Each structure stands twice: as C-alpha cells, then as structure tokens.
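Breakdown of the fold
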Amino acid sequence: MKQLKKWMLGATTAACAMYAAGSAQAVEIEYWQYFFEPRVKAMETLIENFEKANPDITVKMTHFPYADYRTKVAAAIPAGQGPDVVQLFYGWLNDYVNAQLIQPLPNDVFPPAEIEAEFFPMVQAMKRGDQYMALPTAVRSLALFYNKRLFDKAGIDGPPKTLDELVETAKKLTQKDGAGNLSTVGITTGMNAQDHHWFREVLIRQFGGDPYMDNYKKVNYNTDAGKAALKYYSDLEFTHKVTAAGFMDEPQAAFKAGRAGMHIDGSFRIGALNKVRGLKWGVAELPAAADGTHSNYSSYWVNGITSKATDEKYDAAVKFMKYVTSDEAMQVWLDTVGELPAKPSAAMTEANANHEVYGPFIKGLGYAKTTIFANESGQRQALMDMVGRMRLEDQSVDDSLAQAAGEEQKILDDYYN
Amino acid sequence: MGIYKRLSISQKQIVWAWGLLAIPIVFYVVVRFYPTANAILLSFQEWNLLGSRNWTGFDNYVKLFSDPTFWKVFGNTFLYLILGTPSSLLLAFVIAFHLDKLRFMHGTIRALYFLPFMTSAVAMAWVWRWFYQPVPIGVFNNTLATFGIPQIPFLNSTTFALPSILAPAIWAGLGFQVIIFMAGLRAIPQTYYEAARIDGISAWETLTEITIPLLKPTIVFLVVFSSIGFLRIFDQVFNMTTNDPGGPLNSTKPLVLMIYDTAFNSFDMGYAAAQTVVLFTVLLVVSLLQLRVMRDK
C-alpha cells in the first residue's frame with residue numbers, strides 16, 4: 001500500500017512537471033481581425049509559415065464581421081479578454097494608446113530609425129514619443145479607375161493625366177437620355193465614398209493648400225486653395241454636369257454597372273471589380289494639377305500588441321509582429337488580398353511597380369498623405385453636408401466651405417480638449 | 001429541506017409562486033432595469049468605451065440642448081410621429097372597415113395586407129430605396145421619365161426624403177393595425193347596428209355614434225403602440241440612407257439614429273446615453289399623455 005502511494009505520488013509529480021514543461025514550450029497567442037475572406041486566407045498562410053519557423057508558438061486567429069469588429073474589440077480589450085495581437089484601423093490607435101491598451105513595440109526589435117528608413121513615410125503617424133505603437137502589413141492608396149469600353153466608344157485614347165483633362169474626358173463620356181436625364185456619368189461623385197479623401201489630401205494640396213495644421217488638430221482649408229478645390233470638385237456636378245450625386249445609388253455601383261466612365265477609389269476595390277463579368281477596366285494614377293503636383297491619400301490597418309500579452313506571450317507576440325511586418329508577409333498579403341506592401345522594398349519591386357493594376361496605386365504611395373482623423377464619419381459628414389448645402393440650398397462655395405471648416409474644427413476641438 | 005416540509009400547503013404554494021415569478025423578475029432586473037439605471041448613470045459621465053468613466057455632471061445635457069443638430073433631429077422625430085400615426089391609423093381604419101364588409105376573397109386580401117408586416121424591415125427598406133432611385137434604376141422615376149415628367153428627387157431632397165422614408169414604414173405597419181381594427185369591429189355587438197337600422201339612422205351617424213366610440217379601446221391601443229413605433233423609427237431610415245445617414249442635411253435623422261451614430265461612430269457613450277434618457281422621457285410623457293387624453297370618462 002505504502003509502495004503504491006509512493007508510486008502514485010511520483011507519477012503525479014512527473015505528470016505535473018511534464019505538463020508545466022509542455023506549456024512552457026507551447027505558447028499560444030490570440031490574433032483578431034475582421035472578416036474579409038482574402039484577409040483571413042492571407043493571415044492563415046502567414047500563421048502557417050510563422051508556426052513552421054517557430055514550432056514553440058501557436059497563433060489562434062479569431063475574426064468578426066466588419067460591422068461588429070470595432071465594438072467587439074473595444075469591449076474585449078479593456079476587459080482583458082481579447083487578443084494578444086490585434087488589427088486596428090490606424091485612426092483608432094489614439095484611443096487605444098490613451099487608454100494604455102496597446103503596448104509600444106520594443107525598440108531593440110523595432111528600432112524607430114530602421115522603421116523610418118524602411119517603411120513608407122505615412123507610417124510615421126504610428127509613432128508616440130520615441131517608440132512605435134503599431135505597424136501595418138499593407139497600405140491602401142487611391143487611383144483613378146476607368147471603363148475601357150466607354151473610353152473606346154468615346155474615342156478617348158487614355159486616362160486623363162491632369163485635372164483639366166479629367167473635366168474634358170468626363171464631358172466626352174457623359175451620356176443623357178431623351179428627357180435630358182443622365183444615363184452614364186463621366187465620373188462618379190460622392191463625398192460619402194472616397195471623394196472626401198480626394199478632396200482633403202489631394203485636391204486641396206494640388207490647388208496649393210495644406211488641409212490641416214498642428215498635426216491634423218486644426219482645419220486649414222478655408223483658404224483660397226480650399227475654395228479653388230471645392231469649386232473644381234462641385235463644378236463637375238453643378239456646372240459641367242458630368243456627374244450627379246446618388247446616381248445608381250452608390251458611386252462604385254455605377255462604375256461596376258458600366259454606367260460611369262471614371263471612378264476614384266481605393267486599392268481595396270480591386271478584388272470586387274475583378275469579380276464583375278464583362279467589365280473592362282483600367283487603373284491610372286490620380287490626375288496631376290496643372291503645375292504637375294501629385295498627391296494621394298493612404299490609409300491602413302495596423303497590428304499592435306495589447307496590454308493583455310505579458311511574459312512569454314509578449315515575447316511570442318513580438319516575434320509574430322516581426323514576421324507580419326516582413327517583406328515576405330507583405331508579398332503574401334499583396335498576392336492574396338491585393339493590398340499594397342507597407343515598405344518600398346517590398347512594394348517597389350519591378351514586378352509590382354510595373355503591374356498594370358497595382359502599379360498606379362504603388363506610385364501613389366510615394367507621395368501619399370494620411371489624414372489623422374478624430375472621428376472619421378463625423379469629419380466625412382461635414383464634407384458631405386458641404387456639397388449637400390450647395391446642391392439643395394444653393395449655398396455659395398465660400399459660405400459652404402467656411403461652414404464645413406467650422407463644423408470639422410468643432411469635432412476636432414471636442415476630441416482633443 | 002426540513003423547513004420546506006414544515007410549511008403548510010398554502011405557504012408552499014406561496015413559495016412556488018414566488019420561485020416561478022422570480023425567474024422573469026430576475027431576468028428583467030438583469031437585462032432591463034440594470035442597463036437602464038446604468039444608462040442614466042452614464043449620461044452624467046464621459047466614456048469612449050476604452051478608458052475609464054469620468055464624471056462630467058450635466059455637461060452632456062448642456063451640450064445636447066445647445067446642439068442645433070439635436071433640435072433638428074428632435075423635430076424630425078416628432079414629424080415622423082405627427083405624420084405617421086394619424087395617416088397610418090386613418091388608412092388602417094378605412095381598410096379594416098371596408099374589408100370587414102367584404103366576403104369575396106376576404107382571407108386572401110387580409111393576408112396580402114398582413115404580408116408586409118411579416119417581411120424584414122431591412123429587406124423592405126432596401127427595395128424601397130431602389131424604387132426611389134433616380135433614372136436609370138429607380139422604378140418610380142423611370143416611369144415618370146417615360147411620360148416625360150421631370151424626376152422627383154425622393155431621397156435626395158430635404159423636402160421629400162422624410163415622407164419617402166415614412167411611406168414604407170406606414171405600409172409595413174398597416175397589416176397589424178388592420179387586423180387589430182377588424183378584431184375591434186367584430187367585437188361590437190350586432191344588436192346596436194340592428195337597433196340603429198330600425199331607428200333609421202344614417203350610415204355616417206352609425207359610424208360616428210356607434211362604431212368609433214365603441215372602438216375607443218382599440219384606437220387608444222393603436223395610437224400608443226404606433227406612436228412609440230414612430231418615435232423609435234430606425235431601421236427604415238438607417239437602411240435607406242446609408243450613403244448619408246439621416247441625410248440629406250439631417251432632414252431624415254430621427255433621435256435613435258443620432259444615438260446610434262454618437263455611440264458607435266463617435267464612441268461618445270456618455271453623450272449617447274444622455275440622448276437615450278431624453279428619448280426615454282419623451283416616450284414616457286407621450287404615452288402617459290395619450291393614455292390620459294383618451295381615457296374613458
């Protein structure tokens with residue numbers, strides 16, 4: 001009996017020791033992102049590669065529908081129940097950093113000087129003090145999509161290179177029915193889609209302005225440049241009548257249906273357009289200003305390490321972060337999702353830069369700016385209402401712009417004070 | 001167990017009654033009363049869902065009452081109520097009154113009126129949204145254009161957008177109201193009508209002196225019920241104006257959409273809670289007023 005007791009004690013101790021050793025060997029970290037099939041597939045590939053290289057770490061991915069994602073993350077992370085590594089939209093980072101829910105990336109593994117040398121410059125928005133809080137795998141930029149069939153039919157040889165050419169091209173592409181109603185628009189319009197980015201970061205800059213000051217805390221577009229930009233933008237609809245707001249319900253729907261000659265959209269639209277049968281489309285860089293000025297807007301999702309990851313989980317999370325921000329991971333992301341690599345070394349390879357679809361977007365990244373939003377939907381609404389007032393209440397360019405600048409400044413003041 | 005055994009039968013019955021009643025009570029306390037109390041508390045705080053909740057006193061309410069958007073939205077909410085409740089009730093009554101007298105295909109027609117009530121509000125809102133589109137995809141405008149009539153900017157106009165959104169909401173609720181009205185009509189004893197006929201009372205007088213007064217409980221129920229529905233309108237507006245939520249220029253935004261926007265786009269939870277408390281108060285006051293006004297003397 002005594003013998004048996006001793007043996008059992010020994011066996012239990014051995015089992016405990018083995019279990020402890022086993023758990024020390026296999027660290028499991030949790031990764032969260034929103035559900036978009038190619039993104040999930042790309043991440044599965046990355047996790048597989050990462051686990052092969054690091055057999056002692058397993059990564060568990062959880063994804064949620066996009067509509068719930070922001071709320072789910074915001075509810076889970078403060079409760080200490082969420083992921084160790086999380087994907088966040090760059091614009092949300094501020095709130096997470098202020099609430100100390102995101103840990104800075106260690107300087108020895110992610111030296112800021114190296115990041116600044118390797119990544120596209122807009123990634124610097126992720127720096128707080130002398131440390132980076134989060135980094136993207138992929139970035140998105142804007143370009144001009146155009147319908148090749150409609151171009152051929154109108155006898156236009158290629159996409160417009162300048163803003164003036166854009167107006168002329170749009171005029172040729174616009175078609176009206178017998179009653180004078182638009183049946184095909186030259187270019188889509190709608191501040192609700194990507195146009196508010198085009199206006200903010202591209203048109204205002206091209207007309208010689210700088211849309212914000214003080215690190216995006218102060219609105220600076222109620223200027224002559226802003227007025228010229230708004231006049232150019234609203235003239236498309238109200239003077240040249242080459243477009244109409246709400247045509248075919250949504251700008252991208254009009255383009256998909258072949259009822260729009262041109263459409264400004266982000267690189268994330270590529271996948272959806274590839275699925276449209278019978279649509280022959282091309283991509284070009286956003287048209288330059290008369291003096292040749294180019295600009296673009298870039299946005300991105302970043303990966304960050306949450307405050308939940310400690311000790312060996314933190315080390316594993318750092319290793320995982322290092323991998324998902326590597327050139328290899330960026331190429332996987334580009335091939336699977338169609339989103340552009342966040343580093344010139346991965347983006348500017350000959351094959352990528354000369355790619356007929358990705359090329360124009362990648363060129364745009366070189367001179368793209370990233371708006372730091374306090375409340376993107378609120379700030380977008382200010383610009384939508386700006387054009388809405390001109391359409392529905394005949395407000396002048398100057399008054400409407402001034403009112404929009406005031407509304408947006410109020411949102412920024414409420415947020416930062 | 002010993003204590004339970006010593007109880008008398010009536011005491012045991014009380015224990016069981018409370019035991020069973022406790023389930024819904026606990027349920028209500030956990031999923032209704034606690035969150036409600038918490039929301040009222042939150043309306044005096046500032047919270048972005050991530051950081052800590054900070055007390056701000058009446059700041060949220062001060063901000064709310066000095067926000068011109070809030071007053072616009074407040075007006076819209078009542079516009080939905082003032083336009084929606086009378087027109088839907090009148091329509092439902094007229095339909096129910098005539099349907100009640102109809103024998104031919106009675107069941108089928110009743111089912112047709114009830115069908116929209118069973119349809120998902122989201123699906124219906126999207127179908128109507130497409131109906132309202134300008135040429136070349138909107139049914140209404142395509143028809144107008146065929147006859148050479150200028151297009152109506154249903155959803156792209158500050159004047160037409162709110163009634164355009166209200167129309168499918170009224171249509172969707174119609175089936176339910178028709179059924180309730182018909183039940184009310186059937187409950188009126190036939191003897192009153194027979195007596196009226198013998199006395200040679202006109203059809204109009206029969207309607208105003210017998211039918212409508214005796215329908216009062218039904219009308220009170222429907223007025224309160226549909227008022228709450230219109231004050232809380234959200235699905236139709238949200239789905240029909242996703243391009244410009246509550247637009248154009250806030251002309252269709254109801255209070256619930258503003259709450260949603262403040263909470264889940266601006267992540268300003270305290271401010272959203274203050275709006276919720278205001279909505280709650282409005283609903284309470286309107287319901288109590290209606291019950292009082294329409295109470296039997």
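Residues numbered from 1 in each chain as written. Chains lettered and ligands numbered in written order. Predicted model: local features only at pLDDT ≥ 70, side-chain atom pairs only at ≥ 80, totals over all residues. Heavy atoms only, no water.

Selection criterion: UniProt positions are given in the numbering used here, feature names are shortened, and annotations may be inferred rather than shown by experiment.
Within an unreviewed UniProt entry, the label attached to chain B reads Multiple sugar transport system permease protein, and the organism entered is Pseudovibrio ascidiaceicola. Per UniProt, chain B has the following entry under Sequence similarities (unreviewed entry): "Belongs to the binding-protein-dependent transport system permease family." What the UniProt record of chain B gives under Subcellular location (unreviewed entry) is the line "Cell membrane".

Check the Sequence similarities (unreviewed entry) section of the UniProt entry for chain A; it says "Belongs to the bacterial solute-binding protein 1 family."

1. Things to note about the side chain of N141 of chain B
Residues and elements named next belong to chain B. The condition that has to hold: By definition, any uninterrupted DSSP run of H or I lasting at least four residues is a helix, any uninterrupted run of E lasting at least two residues is a strand, and each is numbered from the N terminus. Note on classification: 1.4 Å probe, protein chains only; a residue is buried when its accessible area is under 20% of the maximum for its type, exposed when over 50%, partly exposed between these limits. Any two residues whose heavy atoms approach within 4.5 Å at even a single point are treated as in contact.
Following the sequence through the fold, N141 ends up in helix α7 (residues 139–146). For N141, a relative accessible area of 1% translates into the label buried. Apart from residues no more than four positions distant in its own chain, N141 is found in contact with Y132, Q133, P134, V135, Q151, I152 and F154.

2. Re the packing of aromatic side chains
Pairs of aromatic rings are described using the distance from one ring centre to the other and the angle between the two planes. The test is simple: For this analysis, a ring pair means two rings from Phe, Tyr or Trp (six-membered ring only for Trp) whose centres lie within 6.5 Å, classed as stacked if their planes differ by under 30 degrees, edge-to-face if by over 60, and tilted for the remaining angles. Over a ring means this: the NZ of a Lys or the CZ of an Arg is within 6 Å of the ring centre and within 35 degrees of the ring normal.
Within this structure, the stated rule accounts for 56 aromatic pairs over all chains. The interplanar angle of 55° and the centroid separation of 5.6 Å between the aromatic rings of Y260 of chain B and F264 of chain B together place this pair among those described as tilted. Of this pair, Y260 of chain B and F264 of chain B both sit in helix α13 (residues 255–264), four residues apart, which is roughly one turn of the helix. Relative accessible area serves as the criterion here: at 36%, F264 of chain B is assigned to the partly exposed category. An aromatic cluster of at least three residues, connected via ring pairs, comprises W32, Y34, F64, Y66, Y69, F89, Y90, W92, Y300 and W301 of chain A. Sitting over the face of the ring of Y4 of chain B, K12 of chain B holds its NZ or CZ atom 5.1 Å from the ring centroid. Its guanidinium or amino end placed over the ring of Y271 of chain B, K63 of chain B lies 4.1 Å from that ring's centre, counting from NZ or CZ.

3. A word on the packing of helix α8 (residues 191–206) of chain A against helix α17 (residues 376–392) of chain A
All names here are of chain A. Put simply, the rule reads: Interaxial angle, 0 to 180 degrees, is taken between N-to-C directions of lines fitted to C-alpha atoms, where a helix line uses only the stretch in contact. Oblique is the label for any angle not under 35 degrees, not over 145, and not in the 65 to 115 range, which are roughly parallel, roughly antiparallel and roughly perpendicular in turn.
Where α8 meets α17, the closest approach of the two axes is 10 Å, and the angle between their N-to-C directions is 90°. For the element pair α8 / α17, the angle class is roughly perpendicular. Here M191, N192, H196, H197, F199 and R200 of α8 lie close against α17, whose contacting residues are E376, Q379, R380, L383, M384, M386 and V387.

4. Focus on the pattern of salt bridges
Residues and elements named next belong to chain A. Using the following cut-off: One speaks of a salt bridge when a side-chain nitrogen belonging to Lys or Arg is within 4 Å of a carboxyl oxygen belonging to Asp or Glu.
Counting across every chain of the model gives 18 salt bridges over all chains. Across the pair D265 and R269 runs a salt bridge, and its minimum N-O distance is 2.7 Å. Of the two residues, D265 and R269, both sit in the buried class. The salt bridge partner of K410 is D414, with a shortest N-O separation of 3.5 Å. Taken together, the residues span about one helical turn, with K410 and D414 both in helix α18 (residues 397–416) at a distance of four residues. Taken together, the salt bridges that share partners define one network made up of R39, R140 and E339.

5. Considering the interface of chain A and chain B
Put simply, the rule is: Values labelled buried area give the accessible surface lost by two parts on being combined, using a 1.4 Å probe and summing over both. Polar contacts, as used here, are pairs of N or O atoms within 3.5 Å; protein pairs need one atom able to donate a hydrogen and one able to accept it. Residues neighboring in sequence count only if both atoms are side-chain atoms.
The partner chain B presents 28 residues to the 31 residues of chain A that form the contact. Between chain A and chain B lies a buried interface of about 2300 Å² when both sides are counted; carbon and sulfur atoms form 55% of it. Looking at the side of chain A facing chain B, the largest losses of area belong to N181, D249 and L392 of chain A, adding up to 23% of the total buried there. In this structure, the connection of chain A to chain B is made through one salt bridge. R129 of chain B is the partner of D249 of chain A in a salt bridge, and the nearest nitrogen-oxygen pair spans 2.9 Å. Applying the counting rule to chain A against chain B returns seven residue pairs in polar contact (both at pLDDT 80 or more).

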